[in-house]
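Remarks on the overall topology
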Amino acid sequence: MNKDEMTSWLYGLSVHGIKLGLRNITELLNRLDDPQNSFRSIHVAGTDGKGSTCAMIESILRCSGIRTGLYTSPHILDFNERMRVSGQSISDDELERYITEIRPHVEDMHSNGMQCTFFEVTTAIAFEFFRDKGVEYAVVEVGMGGRYDATNILHPDVSVITNISMEHTEYLGDTLEKIAYEKAGIIKDGVPVITSNEGTALDVIMDVASSVSTDVEVIDDISITYVGEDITRAVYKGQEYEINLAGRHQAKNAALAIDAVSSLGLKVNVTEGLRKVHWPCRLEKMDDLPIIVDVSHTAAGSRVSFDAVKEIYGNVTVVFGILGDKDIETISSNLSKIASKVIVTLPHSDRAAQRDVVMDAMRRYNSDVKFIEDIDMAIDTAISERDDGNVLITGSLFMAEGAMRWLRRTSVGY
């Protein structure tokens, strides 16, 4: 069974299951001798910034000599990116071994009326991988929501909830309060909670935490001292840190990471961890190329990312594609603050928004908009028409994937 066949079987599983609590993942992990009990963990939920926060926490722990696991989703180019030990992705051979082992259990459960989802099976594989590699601490990102997410089987040392905003309303609810309640579902009795939220979302988090007698720490103010193409410097609790990610918003994520690792009671090297953190396609400027790639796809996330682009680069030529379930109107409005021109394209997904919907929204806020269906041609055109400025490729993880594949095909070393 080659890699394509392996991942094809995984992708053939249901994407979203019926809300059965954690029944399926519990049964599956029991059949695999409870791998989640072999490592300690940090659990991270939220809407915007949870991947960056996970990357920072993992980098701090790894730079402190701790054997780490990192489980995030989705991937950009390769499925193996989702699970890493000490910075190294799972190999194809390891992935084949775990799928070969787990598949009979999944099929047997299905025959008994327990249909595991893609994410449940992927989570089980990650936890087995972490156990077998001797991971000491795993940093685990929630897939969607929190309360019913497969990762919520964990009983972590600390729970982190990044900024909450409107997303996945068809699954999580149509108000901020409902979405916050789902994400606060990772809160457990006796497990400290670190959050950057305020207002309505914070109220919900506080209510849920109070119901299980759990303490919540809201991060302190953080002072930005420098914002550049590659780094952000900020002072937090009297110490200046250099964060190897661009944008003011990354300072808030860094504060979450600092407080999370501080709660563990370990001797850690926060300074080196933040200086060495790498998290691709988050306002990532490609070396020696006029290209910035960013995965922002929510209204709140696009606002802070595009503000960062404005501060660091000024106006840019934008290559934009988005999925149909996103807030296209607000994101189009946010883009108008930085776009000298916009090329709308279609991300490689059956969930891509319809051309006319995106074009109509963009033209309400931008005067120079055109459509080029093929992503490669859209990028080529943007580069040729950019004048002396940069090109921002954004709107979706699928757009980031398209950008990285374009870079590979054009033989520029990626």
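Residues numbered from 1 in each chain as written. Predicted model: local features only at pLDDT ≥ 70, side-chain atom pairs only at ≥ 80, totals over all residues. Heavy atoms only, no water.

Turning next to the side chain of Thr 47. Checked against the element boundaries, Thr 47 lands in the loop between strand E1 (40–45) and helix H3 (50–62). Side-chain polar atoms of Thr 47 contact the backbone nitrogen of Ser 165, separated by 3.0 Å. For Thr 47, the contacting residues outside a window of four places in its chain are Thr 162, Asn 163, Ile 164, Ser 165, Glu 167, Lys 183 and Thr 298. (Helix = DSSP H or I, 4+ residues; strand = E, 2+ residues; numbered from the N terminus. Polar contact = N/O pair within 3.5 Å; in protein donor to acceptor, adjacent residues only side chain to side chain. Contact = heavy atoms within 4.5 Å.)

Among the secondary structure elements, Thr 381 is positioned in helix H14 (residues 375–385). For Thr 381, the contacting residues outside a window of four places in its chain are Ile 343, Lys 370 and Ile 372.

Looking now at helix H8 (residues 199–211). Its 13 residues give H8 an end-to-end C-alpha distance of 19 Å, which sits within 8% of 18 Å, the value for a rise of 1.5 Å per residue. Looking at H8, one finds that the buried residues are Ala 201, Leu 202, Val 204, Ile 205, Val 208 and Ala 209. Projected down its long axis, H8 carries its buried residues within an arc of 160°, all on one side. Turned more than 90 degrees away from the buried face of H8, the exposed residues are Asp 207, Ser 210 and Ser 211. As for H8, its buried residues are in contact with strand E6 (158–161), helix H7 (176–183), strand E7 (193–195) and strand E8 (216–218). (Expected span 1.5 Å × (residues − 1). Buried < 20%, exposed > 50% of the residue type's maximum accessible area, 1.4 Å probe, protein only. Arc of directions from axis to C-beta.)

Right, let's talk about the packing of aromatic side chains for a bit. Enumeration over the complete set of coordinates arrives at 9 aromatic pairs. Summarising the aromatic geometry, the rings of Phe 79 and Phe 118 are spaced 6.2 Å apart at their centres and angled 75° between planes, so their arrangement reads as edge-to-face. With a gap of 39 residues between them, Phe 79 in the loop between strand E2 (68–71) and strand E3 (83–85) and Phe 118 in helix H5 (residues 118–132) connect regions that are remote in the sequence. In this structure, Phe 79 and Phe 118 share a single accessibility class: buried. Each ring, one from Tyr 98 and one from Phe 129, has its centre 6.4 Å from the other, and the planes form 70°; the classification is edge-to-face. (Phe/Tyr/Trp six-rings, centres within 6.5 Å; stacked < 30°, edge-to-face > 60°.)

Moving on to the sheet that holds strand E15 (residues 339–344). Strands pair in a sheet through their backbones, by hydrogen bonds, and they do so in one of two ways: parallel or antiparallel. If you trace the 6 strands from one edge of the open sheet to the other, you get E12-E13-E17-E14-E15-E16, paired in mixed fashion. On the outer flanks of this sheet lie strand E12 (284–285) and strand E16 (369–371), each paired with one strand and no other. Relative to strand E13 (residues 291–293), E12 runs antiparallel, the two being bridged by 2 bridges. Its bridge partner lying in E13, Glu 284 is registered against Val 293. Contacts from helix H13 (residues 355–365) reach strand E14 (316–320), E15 and E16, with the element oriented near 170° to E16. (Pairing = 2+ DSSP bridges. Axes fitted to C-alpha atoms, helices over the stretch in contact; angles between N-to-C directions.)

This part is about the nonpolar core. If you look at the biggest cluster of nonpolar residues, it comprises 36 residues, and the most contacted ones within it are Leu 10, Leu 28, Met 83, Ile 102, Val 121, Ile 125 and Phe 130. For this core, the secondary structure elements donating two or more residues are helix H1 (3–11), helix H2 (23–31), E3, helix H4 (92–111), H5 and strand E5 (137–141). In terms of residue count, H5 provides more of this core than any other element does, 9 residues in total. In this structure, Ile 102 is in contact with Trp 9, Leu 28, Leu 32, Val 121, Ala 124 and Ile 125, ignoring residues within four places of it in sequence. Among the nonpolar cores identified, the runner-up in size contains 34 residues, and Ile 42, Ile 219, Ala 234 and Leu 274 belong to it. (Core = buried A, V, L, I, M, F, W, Y, C linked by side-chain atoms within 4.5 Å.)

A cis amide bond, omega -10°, links Ser 73 with the succeeding residue Pro 74. As for its position among the elements, Pro 74 is in the loop between E2 and E3. One non-glycine residue, Ser 86, adopts positive backbone phi at about 50°. In this structure, Ser 86 sits in the loop between E3 and strand E4 (88–89). Here Ser 86 falls in the partly exposed class, since its relative accessible area comes to 27%.

Among the secondary structure elements, Glu 94 is positioned in helix H4. Contact partners of Glu 94, with chain neighbours within four places excluded, come to Phe 129 and Lys 133.

Moving on, we get to the pattern of salt bridges. For the structure on display, the rule yields 21 salt bridges. With a shortest N-O distance of 2.9 Å, Asp 259 and Lys 237 are connected by a salt bridge. Of the two residues, Asp 259 sits in helix H9 (residues 249–262) while Lys 237 sits in the loop between strand E10 (232–236) and strand E11 (239–243), which places them 22 residues apart along the sequence. Taking the relative accessible area as the measure of exposure, Asp 259 reaches 3% and is therefore buried. As a salt-bridge pair, Arg 351 and Asp 325 come within 3.4 Å of each other at their nearest N and O atoms. Here Asp 325 lies in the loop between E14 and helix H12 (328–335) and Arg 351 lies in the loop between E15 and H13, a separation of 26 residues in the sequence. Residue Arg 351 is classed as partly exposed on the basis of its relative accessible area, which comes to 41%. (Salt bridge = Lys/Arg side-chain N within 4 Å of Asp/Glu carboxyl O.)

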